[in-house]
Amino acid sequence: MKQSELKGKVQSVLGLLEPSEMGITLPHEHLICDATTWHCDSGEATERKWARHPVTIDTLWWIRYHPFQNYDDLQLLDEEVMIDEVLRYKALGGKSIVEMTVRGLAPDPRAIARIARITGLNIIMGTAYYVESSYPAAGVDMDAKSEEAIAEEFMRDILEGFGSTGIHAGLVGEVGCSWPFTDNERKVVRAAARAQKATGVAINIHPGQDETAAMECVRELDKAGADISRVVMSHIDRAVREPANRLALAKTGCTLEYDLFGREGYYPPRFRVIDIPNDNQRLNEIKELADKGFARQIFISHDNYNKSSLCRYGGWGYGHILRDTVPVMKLKGFSQEFIDTLMIENPKRMFTLV
């Protein structure tokens, strides 16, 4: 496919869309995903009983407060379950989902295309490499890859499709970055900028676990010539907790993505102590950004990647924002126009290729 054919369109796993077809969009989710790269086992024998137990109602009490420690929880591998889950979102008015499962998290374009066909949802799939600790799961020696070669991989996924599948990526992301920010991850970020310039797609960044990490990613992209107005910074609700830093990030022109809706407070193991906000606090921060003139630079989503986030396993599912959060937005004085800006207009503009 020629880049000129993409201009002004949205590229889904089932083909090109008119931007007007997007409708209500979740811009950061995982549908079929193996996130066991994040698994960390407890050192205590009795705790390991729960770490190795399948996700059931009897284990949720432990899993909710031990993120990343249950192996089964980190795998979304069942298409039938996922079809049921995303149909709940569709029934509430959802139209589109952006699938962020990339190399290192076991991306499965054929499965995503099947889910799109059966559900009738528009699904846009990203191409990227996840954090460096996941590279072995992607079966790649990144030390041996050049920036140019990585960019060419991303461009092939966008213009020719993933391998021989005929299924095309519609953005670069989520690009995995750690803290400290590794040389290989910087190389992938620069490759993302190259692919963006060649194809007109948006870039989504997964920043590392440090208050300054998101801005460092923006600096790397800017040096590589990326269009920062077409960059989305994920996980603001765990990555950028200082109001002054959020404001500085917004002033760069990138989009700030609050994508942990439904997750209400935990201290993740292996990382710094982070006071994860609850949904009400997320909305207050979003309103503060909007009041400062950044309403067009905000995304909201759930980043569901684990079983315990699904309705079938007692979680909030993909319909949580529409079902539970939008009513609270209205109580807090969000206008319907602003809600539509967050859920329709901002994603439509970002995922339209330029």
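Criteria and thresholds
- Residues numbered from 1 in each chain as written.
- Predicted model: local features only at pLDDT ≥ 70, side-chain atom pairs only at ≥ 80, totals over all residues.
- Heavy atoms only, no water.
- Phe/Tyr/Trp six-rings, centres within 6.5 Å; stacked < 30°, edge-to-face > 60°.
- Buried < 20%, exposed > 50% of the residue type's maximum accessible area, 1.4 Å probe, protein only.
- Lys NZ or Arg CZ within 6 Å of the ring centre and 35° of its normal.
- Axes fitted to C-alpha atoms, helices over the stretch in contact; angles between N-to-C directions.
- Helix = DSSP H or I, 4+ residues; strand = E, 2+ residues; numbered from the N terminus.
- Parallel < 35°, antiparallel > 145°, perpendicular 65-115°, else oblique.
- Left-handed = near helix turned anticlockwise from the far one by under 90°.
- Contact = heavy atoms within 4.5 Å.
- Nonpolar A, V, L, I, M, F, W, Y, C, P; charged D, E, K, R; others polar.
- Pairing = 2+ DSSP bridges.
- Arc of directions from axis to C-beta.
- Lys, Arg positive; Asp, Glu negative; His and termini not counted.
- Salt bridge = Lys/Arg side-chain N within 4 Å of Asp/Glu carboxyl O.
- Polar contact = N/O pair within 3.5 Å; in protein donor to acceptor, adjacent residues only side chain to side chain.

To continue, consider the packing of aromatic side chains. Applying the stated criterion across every chain, the model contains 8 aromatic pairs. Ring centres of F334 and F338 lie 5.2 Å apart, and the angle between their planes is 40°; on these two criteria the pair is classed as tilted. Given a relative accessible area of 13%, F338 falls into the buried group. Residue placement shows R103 over the ring face of Y129; its charged tip is 5.1 Å from the ring centre. The positively charged end of R282 is found above the aromatic ring belonging to F261, 5.5 Å away from the centroid.

Okay, the packing of helix α13 (residues 320-331) against helix α14 (residues 336-351) next. Orientation of α13 relative to α14, taken along the N-to-C sense of each, is 140°, at an axis distance of 10 Å. Compared by their axis directions, α13 and α14 come out oblique. Crossing of α13 against α14: the hand is right-handed. Packed against α13, whose contacting residues are I321, L322, V326, M329 and K330, the element α14 presents Q336, I339, L342 and M343 at the interface. Considering only residue class, the contact of α13 with α14 consists of 7 nonpolar, 1 polar and 1 charged.

The strand order β3-β6-β7-β8-β9-β10-β11-β12 describes an open sheet built from 8 strands, whose pairing is parallel. Edge positions in the sheet fall to β3 (25-29) and β12 (298-300), since each has one partner strand and no second. Neighbouring strand axes in the sheet, compared pairwise and without regard to direction, differ in orientation by 25° on average. Note that strand β6 (residues 96-99) and strand β7 (residues 122-127) share 4 bridges and pair parallel. Across the sheet, residue E99 finds its bridge partner in β7, namely M125. Along the sheet, helix α5 (residues 109-119) contacts β6 and β7; its crossing angle with β7, the most-contacted strand, is approximately 165°.

It is worth spelling out helix α11 (residues 243-251) at this point. Listed in full, the buried residues belonging to α11 are R246, L249 and A250. Buried positions in α11, seen along its axis, are confined to an arc of 100° and lie on one side of it. Across from the buried face of α11, at angles greater than 90 degrees, the exposed residues are A244 and K251. G253, located one to two residues past α11, shows a positive phi value of around 100°.

Another point: the side chain of D303. By the element assignment, D303 lies in the loop between β12 and α13. Although D303 lies buried, it forms no salt bridge, and the closest oppositely charged side chain, R263, sits 5.8 Å away as judged by the N-O distance. At 3.2 Å, the side chain of D303 and the side chain of H30 are in polar contact.

Note that every value here comes from positions in space, so none of it alone points to a role or purpose.
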